[in-house]
Amino acid sequence: MAFPKYESYKDSGVDWLGEIPEDWIVQRNLGLFDERKEVNQPEMELLSVTIEQGVIRQSEILTKKDSSNEDKSKYKVVCKGDLAYNKMRMWQGAIGMSDYDGIVSPAYVILNTRNKEYSKYFHYLYRTEIFIREANRHSYGLCSDMNSLRYEDFKTIYSPIPPQDEVDRIVAFLDRTTAEIDEAIAKKQRLIELLQEQKAILINQAVTKGLNPNVPMRNSGFEWIGEIPEHWKLAHNRRFLKKLEQGSSPAITNSTEDEDFFVLKLSAIKHGNYIDGEDKIIPQKDFVSSYQVKKDDLLMTRGNTPDLVADIGYVDIEVTKNVMISDLIYRLTYNQQVILHKFMAYFFQSSIARYQIKICARGSSHTMVKVSQDHIRSWLVIIPPLDEQKEIISYLSYKINEFQFLEDKANQAIEKMNELKAVFITQAVTGKIKI
């Protein structure tokens, strides 16, 4: 999609902005906003500033517990058309225009736009990567991850100001274009969800019923398990486990002297897979060789969120560096003459396994729960003969590769659409294209 450029440009005099259309101006933010400091309206609706969407209602956030104070008398008032940003997360793009009246944490800065007709334009402008870099240049902190952008520094930054009629066209174009791209992204995301659902059904069917639909079945004796193949074993996990180990928690360091020793992060274990490289550097003195990760290991998260606790990972590669399991990770070892670790990596993703995990998971909060070694030993597992385990592994590996190929293509499409959206926004709000 090709867009025309403006007839003539001029140097903006601002390094991060470069050239702007001839009839645009630049202005310090001091002349564009007033800082709104109104407080003591605790009855107003609670809002939140997010990186992904800007300002939204707190009630719309389903994945995070409300951590706001009970006493909201010091919370800041946000009016419709204001911009709000998180001082500590501005370097990540936590800024946006509010479509609502409400209140936010005292840690936020509220920008009362003097000309509300420009509020949505500034919403798009200030969420671009080039402006975020400029804002970060005016931020201060002990390290880049702790940078804070005070209002006193925000107001010294220069912003481009198009004529009013052009602002209206730019905002209307971006509203329409981003909505179309977001709709296309949502369709791809739904496709990924469907692929993951189908993959889960496939795994569950294979590890609990087998691949032969005509095999004789028997009642398991448990309603939540149902029927299983007549010749498969059903027993507590302790009957098959040879060893169940829990790692230790070494100190984390950034020292280059210890850059050859690592401990796994929980993110190294994901839905049956081992993610190489998801680790942290630790001191050599804290490295425990007996906990070193090796090929064919079966790893399980001991503590995590309710959805991810007891997540399983099978190490299918030669691990070439010194990386050990932490105290939030278990290593399960079975008699390989009876049970293959790869099969168990699939089994622990089944509905039968997850049902038991959900019952056993314990924690002091809903965000972090744990399963004990006694829990793991007590779980019921269904074990087919070794030759059937191999057939199931081969079948699932092939089918899952097919699903993964489609999922990767969908993710690549989403990435390209997000990149395209960012380009449209940046070029439109900086005058690089004429709308």
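You'll find the structure just up there.
All of the points below concern the structure found in this document. Keep in mind that this is a model prediction, so the values were computed, not measured. (Residues numbered from 1 in each chain as written. Predicted model: local features only at pLDDT ≥ 70, side-chain atom pairs only at ≥ 80, totals over all residues. Heavy atoms only, no water.)

Regarding the nonpolar core
Counting residues in hydrophobic clusters, the biggest one holds 48 residues, and the most contacted among them are Leu332, Met344, Phe347 and Phe348. In this structure phenylalanine 348 touches Asn237, Met300, Ile312, Leu332, Tyr334, Ala353, Arg354, Ile357 and Trp379, once residues within four positions along its chain are discounted. Grouped together as the second largest cluster of nonpolar side chains are 44 residues, Trp16, Phe154, Ile181 and Ile192 included. (Core = buried A, V, L, I, M, F, W, Y, C linked by side-chain atoms within 4.5 Å. Buried < 20%, exposed > 50% of the residue type's maximum accessible area, 1.4 Å probe, protein only. Contact = heavy atoms within 4.5 Å.)

What to know about the packing of aromatic side chains
One pass over the full model with this rule turns up 21 aromatic pairs. Consider the rings of tyrosine 85 and phenylalanine 154, whose centres lie 5.5 Å apart with planes at 40°: the pair is tilted. Residue tyrosine 85 is located in strand 8 (residues 83-86), and its partner phenylalanine 154 is located in helix 3 (residues 151-154); the two are separated by 69 residues in the primary sequence. Both rings, one in tyrosine 118 and one in tyrosine 121, keep their centres 6.5 Å apart while their planes meet at 90°; by these two values the pair is edge-to-face. Overall, the relative accessible area of 9% leaves tyrosine 118 in the buried class. Through a chain of ring-to-ring contacts, the aromatic side chains of Trp16, Phe33, Tyr85, Tyr118, Tyr121, Phe122, Tyr126, Phe131 and Phe154 assemble into a single cluster. One cation-aromatic arrangement involves lysine 72 over tyrosine 75; the distance from NZ or CZ to the ring centre is 5.9 Å. Looking at lysine 321, its charged tip hangs above the ring of phenylalanine 262, at a distance of 4.3 Å from the centre. (Phe/Tyr/Trp six-rings, centres within 6.5 Å; stacked < 30°, edge-to-face > 60°. Helix = DSSP H or I, 4+ residues; strand = E, 2+ residues; numbered from the N terminus. Lys NZ or Arg CZ within 6 Å of the ring centre and 35° of its normal.)

Describing helix 2 (residues 129-137)
By the burial criterion, the buried members of helix 2 are Phe131, Ile132, Glu134 and Ala135. Down the axis of helix 2, the sector holding all buried residues measures 160°, keeping them to one side. Projecting away from the buried face of helix 2 at angles above 90 degrees are the exposed residues Glu129 and Arg137. Where helix 2 is buried, its residues meet helix 1 (119-126) and helix 3. (Arc of directions from axis to C-beta.)

Brief notes about the packing of helix 1 against helix 4 (residues 164-209)
For the pair helix 1 and helix 4, the least separation of the axes is 9 Å and the interaxial angle reads 60°. Looking at the two axes, helix 1 sits oblique to helix 4. Crossing handedness for the pair helix 1 and helix 4: left-handed. Contact residues: Lys120, Tyr121 and Tyr124 in helix 1; Val167, Ile170, Val171, Leu174, Asp175 and Thr178 in helix 4. Across the contact of helix 1 with helix 4, the residue classes break down as six nonpolar, one polar and two charged. (Axes fitted to C-alpha atoms, helices over the stretch in contact; angles between N-to-C directions. Parallel < 35°, antiparallel > 145°, perpendicular 65-115°, else oblique. Left-handed = near helix turned anticlockwise from the far one by under 90°. Nonpolar A, V, L, I, M, F, W, Y, C, P; charged D, E, K, R; others polar.)

Structural notes on the sheet that holds strand 20 (residues 279-281)
Taken in spatial order, the three strands of this open sheet run 20-17-24, and their pairing is mixed. Looking along the sheet, the strands with just one partner apiece sit at the ends: strand 20 and strand 24 (322-324). Mean inter-strand twist for the sheet, computed between neighbouring axes without regard to direction, equals 35°. As paired elements, strand 17 (residues 261-264) and strand 20 share three bridges and run antiparallel to each other. For valine 263, the partnering residue across the bridge sits in strand 20 and is lysine 280. (Pairing = 2+ DSSP bridges.)

Looking at the side chain of glutamate 166
Mapped onto the elements, glutamate 166 comes out in helix 4. At 4.4 Å, arginine 169 is the nearest oppositely charged side chain to glutamate 166, a buried residue that forms no salt bridge. With sequence-adjacent residues up to four places away left out, glutamate 166 is seen in contact with Tyr6, Asp23 and Trp24. (Lys, Arg positive; Asp, Glu negative; His and termini not counted. Salt bridge = Lys/Arg side-chain N within 4 Å of Asp/Glu carboxyl O.)

Re the environment of isoleucine 329
Tracing the chain through its elements places isoleucine 329 in strand 25 (residues 329-334). Taking the C-alpha atoms as reference points, isoleucine 329 and alanine 422, 93 residues apart in sequence, are found 39 Å from one another. Not counting residues within four places of it along the chain, the set of residues in contact with isoleucine 329 comprises Glu245, Gln246, Gly247, Leu264, Lys265, Leu266, Ile269, Leu299, Met300 and Arg302.

Quick look at the packing of helix 4 against helix 8 (residues 386-429)
Close contact between helix 4 and helix 8 brings their axes to 10 Å; oriented N to C, the two are set at 170°. With respect to helix 8, the axis of helix 4 lies roughly antiparallel. The residue inventory of the contact of helix 4 with helix 8, partitioned by class, reads 27 nonpolar, eight polar and six charged.

Concerning a nonpolar patch on the surface
On the surface, Phe222, Trp224, Tyr355 and Ile359 cluster together to form a nonpolar patch covering roughly 360 Å² of accessible area. Relative to the elements of secondary structure, isoleucine 359 occurs in helix 6 (residues 351-360). (Patch = residues over 30% accessible without salt bridge, like charges linked within 9 Å, V, L, I, M, F, W, Y side chains within 5 Å. Areas by Shrake-Rupley, 256 points an atom, 1.4 Å probe, with all protein chains shown as cover.)

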